[in-house]
Amino acid sequence: MKAKQDFPAINEREQIGLKAPGEPYRVLIVDDSMFVTKQISQILSSEGFEVVGTAADGGEGVEKYKELFPNVDLVTMDITMPTMDGVTALEKIIEFDKNACVVMISALGKQDLVKKSLIMGAKNYIVKPLDRKKVLERIVMSLSA
Amino acid sequence: MSSEDTSTRSFGRVPGAAIEGTMISRDSERGVEDHTETIDYKMVTFSLGGKDYGIDIMNVKEIAKFHTFTYVPNAPPFVRGVYNLRGDIISIIDLRLMFNLPAEQKDDNQPEDGLIIRMENHMLGVIVDNVARVVGISRRAIQPPHPIFADINLKYISGVVEHESRLYIILDVERIFHRDGGVSERSDPGRTEPDTRPMGQFGGEFPAHATEPQPVTHSRASGDERQVDFEFVRETLATFAGFHASEVNRQWLRRRFEDWRRERESVNKDVQLASTEDAEMFLEPFYSPSTNAFWSEQYVRRFASILPAAEHPSAFTAWNIGCGKGFETYSLALTLRDALPESRLKIWANDNDLLGVSTAPNLVFSAGVVPELFRRYVVAGRNGYSFSHEIRDLIVFEYHDVTNPSAVPEMDLIVVRDVLSFMPVDDQQAVIERIGEKAKPGAIAVLGENERMPVPEIWEPIEQAPSGVYRKVE
Amino acid sequence: MRVEYINPFVESAYSVIQEVLNVEVKRGELYLKSSSIPVLGVAAIVGLAGDVEGRVLFDMTRESALKVANDMLKSMDMDQIDSLNDMGRATITELANMITGQAVTKLHNLGFKFDLTPPAIFTGDNMEVSDPGVEALIVPMEIPQGKIEINVAIRERT
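In this report, the structure presented in the accompanying data block is examined. In this text, all values refer to a predicted model and were calculated from it rather than measured experimentally.

What counts and how
- Residues numbered from 1 in each chain as written.
- Chains lettered and ligands numbered in written order.
- Predicted model: local features only at pLDDT ≥ 70, side-chain atom pairs only at ≥ 80, totals over all residues.
- Pairing = 2+ DSSP bridges.
- Helix = DSSP H or I, 4+ residues; strand = E, 2+ residues; numbered from the N terminus.
- Axes fitted to C-alpha atoms, helices over the stretch in contact; angles between N-to-C directions.
- Contact = placed C-beta atoms within 7 Å.
- Nonpolar A, V, L, I, M, F, W, Y, C, P; charged D, E, K, R; others polar.
- Buried ≥ 20, exposed ≤ 12 C-beta atoms within 10 Å, placed from the backbone.
- Arc of directions from axis to C-beta.
- Parallel < 35°, antiparallel > 145°, perpendicular 65-115°, else oblique.
- Left-handed = near helix turned anticlockwise from the far one by under 90°.

**Describing the sheet that holds strand β4 (residues 79–85) of chain B**
Sheets are built from strands paired through backbone hydrogen bonds, the pairs being either parallel or antiparallel.
Residue and element names in this part refer to chain B.
Point 1. Taking strand neighbours across the sheet as the criterion, the 5 strands line up as β3-β6-β7-β5-β4 in an open arrangement whose pairing is mixed. A strand with exactly one partner marks an edge of an open sheet, and here the two such strands are β3 (60–66) and β4. Geometrically, the sheet is characterised by an average inter-axis angle of 30° between neighbouring strands, direction not taken into account.
Point 2. Bridge analysis of strand β6 (residues 112–118) against strand β7 (residues 123–127) gives 5 bridges, and the strand direction is antiparallel.

**Describing the interface of chain A and chain C**
Point 1. Facing the 16 residues of chain A at the interface are 19 residues of chain C.
Point 2. Among the residues forming the side of chain A that touches chain C, the class breakdown is 8 nonpolar, 5 polar and 3 charged.

**Here's the deal with helix α4 (residues 58–68) of chain A**
Residue and element names in this part refer to chain A.
Point 1. Taken residue by residue, α4 has G58, G61, V62, K64 and Y65 as its buried positions. For α4, the buried positions fall inside an angular range of 165° around the axis, keeping them on one side.
Point 2. If you follow the buried residues of α4, they end up packed against β3 (26–30), β4 (50–55), β5 (74–78) and α5 (86–96).

**Thoughts on the packing of α4(A) against α5(A)**
Residue and element names in this part refer to chain A.
Point 1. At a minimum axis distance of 8 Å, the contact between α4 and α5 shows a crossing angle of 20°. Relative to α5, α4 is oriented roughly parallel. Considering only the axes of α4 and α5, their crossing is right-handed. Contacts from G58, G61, V62, Y65 and K66 in α4 reach G86, T88, A89, K92, I93 and F96 in α5.
Point 2. Among the residues forming the contact of α4 with α5, the class breakdown is 5 nonpolar, 4 polar and 2 charged.

**Some points on the interface of chain B and chain C**
When the parts come together, some accessible area is lost, and that loss is often what is quoted as the size of the interface.
Point 1. The interface is formed by 23 residues belonging to chain B together with 21 residues belonging to chain C.
Point 2. At the level of secondary structure, the elements contributing two or more residues to the side of chain B that touches chain C comprise α2 (17–32), α13 (354–359) and β15 (395–399) of chain B.
Point 3. Among the elements that take part in the side of chain B that touches chain C, α2(B) stands out by supplying 6 residues, more than any other.
Point 4. Among the residues forming the side of chain B that touches chain C, the class breakdown is 12 nonpolar, 7 polar and 4 charged.

**Details of the pairing of β6(B)**
Residue and element names in this part refer to chain B.
Point 1. In this structure, β3 lies alongside β6, joined through 6 bridges in antiparallel fashion. Pairing of I63 across the sheet is with L115, part of β6.
Point 2. Between the end of β6 and the start of β7, which pair antiparallel, lie 4 residues.

**Some words on the sheet that holds β15(B)**
Residues and elements named next belong to chain B.
Point 1. Spatially, 7 strands are ordered β15-β12-β11-β16-β17-β19-β18 in an open sheet, and the strand pairing comes out mixed. Looking at the sheet topology across the chains shown, the edges are occupied by β15 and β18 (459–461). Averaged over neighbouring strand pairs, the angle between their axes works out to 20° when direction is ignored.
Point 2. Contacts between helix α15 (residues 425–438) and the sheet are confined to β11 (315–321), β16 (411–416) and β17 (439–447), with β17 contributing the most and set at about 140° to the helix.

Spatial relationships are all this shows, so hold off on functional conclusions.
Okay, here's the thing in structure tokens:
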């Protein structure tokens, strides 16, 4: 972190999505809403992250994670999804990889499920509606945790 | 449901509240659909004595010019004669003469403007000044009649409406040529009565010359006349106060009408209700005790006496339909809490007046309005006094129209005081049916003190209980 | 519908639409309706469960939906769409989700436990929604993009 402060400000923006120069963080987005998927991927891509996969429900998310592993650094996981919900998917991902970095995306009014997810091992959470600042802040926090 | 239904329904139980409710739903309709007013009423318009009038097109068979009609001896002046309408002999009435309005005299061979009126049993012709045209309006634009149009007795006016900046007075022909006001009977040769008799119903409204030789006072007192008055009061109660006569309130209404008639005649005032104020005055004795206020201790005791206190049911459900601002519901909750201390209570309360029922869950009042008996449930707050959670948690207040499906469970007690009478008759029936469905066997229903449950097969009055209290037959 | 539920839905609808689309929202008078409800062309529906059962339906015309979706995408620096495609439908659904989510949060704070079920969206001409036996609260709203009608039906589990 110290080193980062020494970089000129002009480069800082491009740094957020990179774990090392030329090496972006790889992200899997699990969300049943195409809108949210697009929104998150647009925010992250603009900061240098690489979206390596998307999934529209929990089951597909778990499968994609296993496929991508170990070439995935971060998962954004919607809580409310049909077929398999995000909390169950989180549980299965953590079972498979206890170091997985999962950020929960929650609608308002889901405090109980958010708490449950954090206890189960989610690194952080973001409550919708999403905005650029909130998304980047929470994701950077969970990557550096 | 048509917008008309909703706009006339109201659960208000105080004078004024009914009207208020009506306004709210009207406004809401307006806010919702952009109101391109639908034309659902057509009338044939004409003039009489310089004013514009209309008659429902459903009552007009055709617009006619009367060329020659046959004079009938001994008829009142407004009966101009009979006319041969393609083989049917119909009477011709001059509306101007009938209502004592100026009529320009025409030469005998000049045709008269007129309409052929069709009623349930017969037809007749009316002569007017100028038949204008057919005008289409929205029924909702029709206003109740107002004494300002007193050229013609209000009872023959079904309403007034403004259209293209002209004010039309809509005549109620069914009422003017009431039933066996059958002009056809006029020609009955067996009839020996003076020629005004067949039209006796309106004798009192006519200028003396029109009713000669029958003295005006006689027809005034006739049973028919009284019936017409009653019918008219009945209808104006609906217009001005949203009060709809039915089996639920007929007994009271009859009794009240006789009292009202005496009261009004003793002070030399018209029996008819000409305004909202009149209607409110008429309805004043209708309302049950402690309306729109917390129940008095006396009423609480009376109410508690009808409860199955000895049985101590483990759970007890109550439904308060038309709860308004909640005064009645809280009174009911407090009464039940004290009368059935062991029971698990739940009260569903609803009203379709959003403004009223919105304030109910957090009703705030001033100290002193709650009977001594219940002071222990009152807590002081920043803005005034309210009830403790012990009481508030017993009640679910809902914005709900009981004519729509209700999701409430089966009930032990249903309190619906002075609510049915303020719904259109069809809705009353639907709600009575719903109450029957939602009542457990042996359940108690509390109507207004001047209301009756019209289905004796299901509901029996409880002996020694105040009137309006019923038990569902088990 | 329980009186306490009304304001959270009305306020959330008002504030979310105003915030997300940055427009002035005109509110119509609320009213109750049962029987079938014609759908204007696009209807997003969010289910409710928990202490209650019910659903919230967001209804607007296709034209309004497209305008709303584009304005919403624009406010989030996302690409515009030229027809109500999958992305457009997802955007409207998200708006419905945001409104309902905020309402449910407000209700949580009042002590009522509601759960959201994943939303669905329907588009088509001459559609009608009919839930026999359900009375719905209608919350009409007018925005420059057109009319949005929110139809809330909630009943207590008894």
